[in-house]
Amino acid sequence: MTATKTNPGNFFEDFTVGQVIEHATPRTITEGDRALYGALYPTRFAIPSSQAFAASVGLDPHPVEDLVAFHVAFGKTVPDVSLNAVANLGYAECRFHRPVTPGDTLRTSSEVIGLKQNSNGRTGVVYVRSTATNQRGEVALEWCRWVMVHKRDASAPAPETVLPELAPAVAAADLVVPEGLDFSSYDFAAAGEPHRFGDYEVGETIDHVDGVTLTDAEHMMATRLWQNTAKVHFNVEARPDGNRLVYGGHVISLARALSFNGLANAQLVAAINAGSHVAPAFAGDTVYAWSEVLDKAELGESVGALRLRLVATKSREEAASRTLRGEDGKYAPGVLLDLDLWALIPR
Amino acid sequence: MTATKTNPGNFFEDFTVGQVIEHATPRTITEGDRALYGALYPTRFAIPSSQAFAASVGLDPHPVEDLVAFHVAFGKTVPDVSLNAVANLGYAECRFHRPVTPGDTLRTSSEVIGLKQNSNGRTGVVYVRSTATNQRGEVALEWCRWVMVHKRDASAPAPETVLPELAPAVAAADLVVPEGLDFSSYDFAAAGEPHRFGDYEVGETIDHVDGVTLTDAEHMMATRLWQNTAKVHFNVEARPDGNRLVYGGHVISLARALSFNGLANAQLVAAINAGSHVAPAFAGDTVYAWSEVLDKAELGESVGALRLRLVATKSREEAASRTLRGEDGKYAPGVLLDLDLWALIPR
Amino acid sequence: MTATKTNPGNFFEDFTVGQVIEHATPRTITEGDRALYGALYPTRFAIPSSQAFAASVGLDPHPVEDLVAFHVAFGKTVPDVSLNAVANLGYAECRFHRPVTPGDTLRTSSEVIGLKQNSNGRTGVVYVRSTATNQRGEVALEWCRWVMVHKRDASAPAPETVLPELAPAVAAADLVVPEGLDFSSYDFAAAGEPHRFGDYEVGETIDHVDGVTLTDAEHMMATRLWQNTAKVHFNVEARPDGNRLVYGGHVISLARALSFNGLANAQLVAAINAGSHVAPAFAGDTVYAWSEVLDKAELGESVGALRLRLVATKSREEAASRTLRGEDGKYAPGVLLDLDLWALIPR
C-alpha cells in the first residue's frame, strides 16, 4: 500500500511519443525569489536589479532574471521526466516568450517528442518539449531537452525509435523581443559598461575574470528554490562518493552572472540553443567563465541579439586561455558547461 | 550596570502560575519568508507554492506555510521562556486558527499554566500556553509546550506543583477549517498526487523516501529567520562538543516538506497534538521521514483531516522500516522526531 | 580586444581630486532583502521587524534596516573604487538622511576628495565622498571612506597630496531625524527592553553576550546580495591562505544585530562616525560584540541619540572584558571591528 502513495518517477517504458504530462505544483514567483537569486549568484544585470532601469527600457512591472523562470519551469518537470535519469543530455529550442514578474504563477507541461532505447537495453533516451505558462495561460518559455532514463525492466520491448528534428540553434527570426522593450534611451553608465551591439564581433572571446568557490548550502538552497527534487543534489548517501552533485542549472546561473563582466549589456536571455553539462561540479570547486560571440542579429531599431557560447570551467587557466576542446576534439579538462544562447543587447 | 541591560532570560523561580508574558519583537511576514522557506526546505505543497492554486480553494490572499507562522510565533517565546532551558520536553493543543499571509504582523503572549520542580532541586518544568495574534488582534495560532529550565539558585524553595490538564490530542471537533476553504474543485494533477481522504487508512504507513543532508549555514539561517535566539544553534563555543545543535523546528519543517512525497494533498497543518525531539541533529546528518495515519475525521463537505504521526530519522533504514520503537519500548536508534499532527486534505 | 571589455577596476593614478564617478547597477530594495537580512543576521530591532511597530512610531511605509541601505549603496562603489584596494582604511561622516523602504531604487555616485601617494611609490590612498539617492533623487545616505589602492605603474608620478578635512564625528546637530519619527507612544514591551535614553550613561559599557560562528555560505550570500564584487570574499584561489575573507560589512551587521541584547531600543542608525576593520574574519570564527556609550544628545521631544562604540571580537573573553586596546595602545588580540556610530533611541 505504501509503495503506491509515493512517486517512483517514470521509467523509460512509461513514456510514449505524443504523451502530454501536466506537471504538478504550480509556483508563484515573488520578490523573495529575486532577492535569493541575487544572494546566490553574483548577478548585476541592471534590468532585474533595478525597477527604475527596467521601466526606462519599457519593462514594467519589474521582471526577474530570465533564468529564474527557466529554473522554476524546469524544476516542475523533474519528478515526471528525470527522477530516474542517468544524465541530462542536452537542450534545444529554448525560447523566452515574455518576461516573468513577481505575482506570476508558472505551470509546466511536457510533450514526449522522441524515444530511443540504448543498445544495452537497460536505458533509453527520452526527448520532451516543455512549455511553461503563466496564470493567464500565456506562454512564458518553452524548451526541448533529452535525458537518458533507466528502464524499469531491461527485458521490456524497445519502443519504435523516434528522433525529433531539432534546430541546431534558434533562428534569429524566431527570437521574441519582449513587448515594449525599447533600448533607445538606454543608460550605459547605469548598466555598468559602454559596449553595445556594434562593439562585439563574431569570433571574439571574453574572459570574465572572476571566480566563485561553491558551497553545499548555496547550491542546495538554489536547487530547492526551483523545487527540483533530484536526490543527488541533497543527499550525501545518494552517490557512492558521498558528494552532493551540484545542479547543472546552478552552474548555468553562476556562469551567466559572472558574464556580467564583459557582457553587462547582454541584458536578457532570449533563447538557449544548446547546452552540455560537460563535467560534474562539487562544493569546493571554483567556477570561472568565458564567452565567445558566435553570431549577431539585428532585431529592431534599438535591439540586437548576440549568439554567445558561455563556458564555465573549474580552472582559472581554462577560462583565461578560453580553450574549449583539446586537440583530440574532446572537451578540455576543467570545462564544466558549454552553453549556446542568444542574448538581447542595445544597438 | 551592564548586567542589568542584557537579557539573562528567566530561570525556574521567575515563573508563577497565571503569569502572562507579552513577548517582544512583533514580526511582519513577507514574501521573502515564503521564498526562504522554499530555499531551506524541499516543500512543494501547492497551496503555499501557488497563489492561483490557493485562490482556487478559497484562500486569497496567498497564505504562507503554516509552519512559517508556527516558527515565527514560537521564536518570540524563546528569550522569555527557554533561554535557560535544558530541554524542550513537549507540545500539546497546538491549533492553527487562520492562515497567515504576507503583510500580517504576529505577536505572541504566553500564560504560565503549570510548574513542577524536579527532585534534583536544580531544575524545574514550566508549562506555558502561547497565543499568537495578528495586527487585527485575531488569533492566528495557539499551543502549549513545556520545557525544563534551570533554577538560578538551587536553594530557592520549590513552588507548589501545578500540572495542567492537556488533551492527548486535539479533538477533531476542535479543529479549525480556515474560513473560505473549499476543496470541491481541487486540482489533484496540479497538486501532485491523486490520493484523497478516502485513500488513506488508519494504520497505514508511508515511507517518504527522500533524504536531505544538513548544513550549518542552512539551519542557522532558518533559525535566525524565526528570531530564535537560543545560543546552542549558532555558537560552536556554546556546547562542549563544538557542534551547533540544529533547532528542533528545523527538523519538523524538513520532515513535513519530505512528507509531500506520499502526502501531497495533506495541504494544511490544522493542529499539532504532541511532539518529541527524540535525539539531537547536527550538520552532516541526513534526515529522512515516514508517516503513519493515526486517525481520520470528516470536517465538512469537501474537507477531511488526517491525524498523522510524522517521524524524522537520520537513517535510511529506520525510515524504510518505519520502526518507531525497539522491543524495549524506547525510541529506535536514529529517530530524531516523533510528531503527532492533524492535516487537512480533500475528501 | 578582450581586455577592453572587462572591468580591471581603477588604479591609484586613475583618480583625480574633484572627479565624480556615477556607479553602475542601480538596485531596487525589496521585502526579499528584509527577509534575507533577518536570515543572515540575528536582528530583532522592532522597527524593521514589524510593519505595525514601525507605523506606530510614524514610519510608514515599512523601512528596512539602515545597514541594508548602507551595504547596497556601498556595494555599488566597489567596482570603481576598491576593486584594486589593498585595504579599506576608514569611514567618516556617514549620515542616513531618510529610511529606505521596499520599492526604493538606490544609485550611488562618488566624488574623489583626497589623494595621497604612499612613500613606497606602489600604492596610494584615495578619499571619496559617496552619496546614494533614491528614484526620486532624494539623498538616502552619504559617507566618506578612504582606501589604499595599488598603482598600475609604480613609476607613474605622484599626484599632489590633498587631504580632506573630515569631522572626527558627525555633530549631533547634523544628525537627521527621519521625517515623521515620533517615539512618544513607543511600546517598550514590544521592543524587547525597558531601557530608554535616560538609562544610558556616557562611559557605560555593555557586553552583548551572544556569539555567532561564521560560515562561508552565509557571508558570501550576504556580500553578493549587496553586489559587492571584491574577489577575496568569494574565491579561495584569490588569497594565498585559501580562505575566503569575510566582507567587513558582514561583521558590522553581525555586531549591530548582536547589540540588540542591551541596546534593543537603539532602533535606528543615524550616523557612522568612524570605523576600523581591525583584523580579518574567516569562516569558523565566532563573533561577539560589546558597546560603549561615548556621547548622548537630545534631538527632539521624544528622540535621543546615543553615540556608541560598537566592538566586534572573535573571543568571548575580549567581549566579556570589553578590552579595546592593550597597554601598548594597540588593539587587543581578538578585536575585529571598532565602529563609532550614532543611534536614535526613545527619550
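Remember, it's a predicted structure, so these values are computed and weren't measured experimentally. (Residues numbered from 1 in each chain as written. Chains lettered and ligands numbered in written order. Predicted model: local features only at pLDDT ≥ 70, side-chain atom pairs only at ≥ 80, totals over all residues. Heavy atoms only, no water.)

### Concerning the interface of chain B and chain A
The interface of chain B with chain A comprises 49 residues on the first partner and 33 residues on the second. Both sides together, the interface formed by chain B and chain A hides about 3,000 Å², and carbon and sulfur atoms give 56% of it. Residue Lys231 of chain A pairs with Asp210 of chain B through a salt bridge whose shortest N-O separation is 3.1 Å. If you list the elements that add at least two residues to the side of chain B that touches chain A, you get helix H2 (31-40), helix H4 (51-56), helix H6 (188-191), strand S7 (205-207), strand S8 (212-213), helix H7 (216-225), helix H9 (260-263) and strand S10 (286-298) of chain B. With 7 residues, the top contributor of residues to the side of chain B that touches chain A is H2 of chain B. Of the residues that constitute the side of chain B that touches chain A, the class distribution is 20 nonpolar, 17 polar and 12 charged. (Contact = heavy atoms within 4.5 Å. Buried area = accessible area lost by both parts, 1.4 Å probe. Salt bridge = Lys/Arg side-chain N within 4 Å of Asp/Glu carboxyl O. Helix = DSSP H or I, 4+ residues; strand = E, 2+ residues; numbered from the N terminus. Nonpolar A, V, L, I, M, F, W, Y, C, P; charged D, E, K, R; others polar.)

### Considerations on the interface of chain A and chain C
Taken residue by residue, the interface counts 50 residues in chain A and 33 residues in chain C. In total, chain A and chain C occlude about 3,100 Å² of area from one another, counting both sides; carbon and sulfur atoms represent 56% of this. Applying the counting criterion to the chain A and chain C interface returns 4 salt bridges. For Arg224 of chain C, the salt bridge identified is with Glu218 of chain A, shortest N-O distance 2.7 Å. Here chain A is connected to chain C by 19 residue pairs in polar contact (both at pLDDT 80 or more). Of all the secondary structure elements, the ones that give two or more residues to the side of chain A that touches chain C are helix H2 (31-40), helix H4 (51-56), helix H6 (188-191), strand S7 (205-207), strand S8 (212-213), helix H7 (216-225), helix H9 (260-263) and strand S10 (286-298) of chain A. Top element by residues in the side of chain A that touches chain C is H2 of chain A. It accounts for 8 residues. Considering only residue class, the side of chain A that touches chain C consists of 20 nonpolar, 17 polar and 13 charged. (Polar contact = N/O pair within 3.5 Å; in protein donor to acceptor, adjacent residues only side chain to side chain.)

### Quick word on the domain arrangement of chain A
All names here are of chain A. What the domain assignment lists for chain A is domain 1 (1-29 + 64-166) and domain 2 (169-347). Using C-alpha coordinates to define each centre, domain 1 is positioned 22 Å away from domain 2. Contact with domain 1, which involves 25 residues of that partner, is made by 25 residues of domain 2. Summed over both partners, the interface of domain 1 with domain 2 comes to about 2,200 Å²; 57% of that surface belongs to carbon and sulfur atoms. On the domain 1 side of the interface with domain 2, the three residues burying the most area are Leu67, His71 and Tyr91, jointly 28% of the side's total. Counting across the domain 1 and domain 2 interface gives 0 salt bridges. Here domain 1 and domain 2 share 10 residue pairs in polar contact (both at pLDDT 80 or more) between them. (Domains from an automatic or database assignment.)

### Describing the nonpolar core
Within the largest apolar cluster, 189 residues are counted, with the highest numbers of intra-cluster contacts made by Leu36 and Phe70 of chain A, Leu36 and Phe70 of chain B together with Leu36 and Phe70 of chain C. Setting aside chain neighbours within four positions, we find Leu36 of chain C in contact with Ala35, Leu36 and Ala39 of chain A, Leu36 and Met221 of chain B together with Met221 and Leu225 of chain C. (Core = buried A, V, L, I, M, F, W, Y, C linked by side-chain atoms within 4.5 Å. Buried < 20%, exposed > 50% of the residue type's maximum accessible area, 1.4 Å probe, protein only.)

### Quick word on H7 of chain B
All names here are of chain B. Where burial is concerned, most of H7 is hidden: 10 out of the 10 residues are buried. Inspection of H7 places Asp216, Ala217, Glu218, His219, Met220, Met221, Ala222, Thr223, Arg224 and Leu225 among the buried residues, and these make up the whole buried set. With its phi angle positive at about 55°, Gln227 sits one or two positions after the end of H7.

### As for the environment of Ala255 of chain A
Residue and element names in this part refer to chain A. Within the secondary structure, Ala255 is located in helix H8 (residues 248-258). Sequence separation between Ala255 and Tyr288 is 33 residues; the distance between their C-alpha atoms is 7.0 Å. For Ala255, the residues in contact, after removing those within four places along its chain, are Ala289, Leu310, Ala312 and Leu337.

### Some words on unusual backbone geometry
Here the bond from Asp60 of chain B into Pro61 of chain B is cis, since omega is 10°, no more than 30 degrees from zero. Tracing the sequence through the fold places Pro61 of chain B in the loop between H4 and helix H5 (66-82). With phi around 55°, Gln227 of chain A is a residue other than glycine that occupies positive phi space. Locating Gln227 of chain A in the fold gives a position in the loop between H7 and H8. Overall, the relative accessible area of 7% leaves Gln227 of chain A in the buried class.

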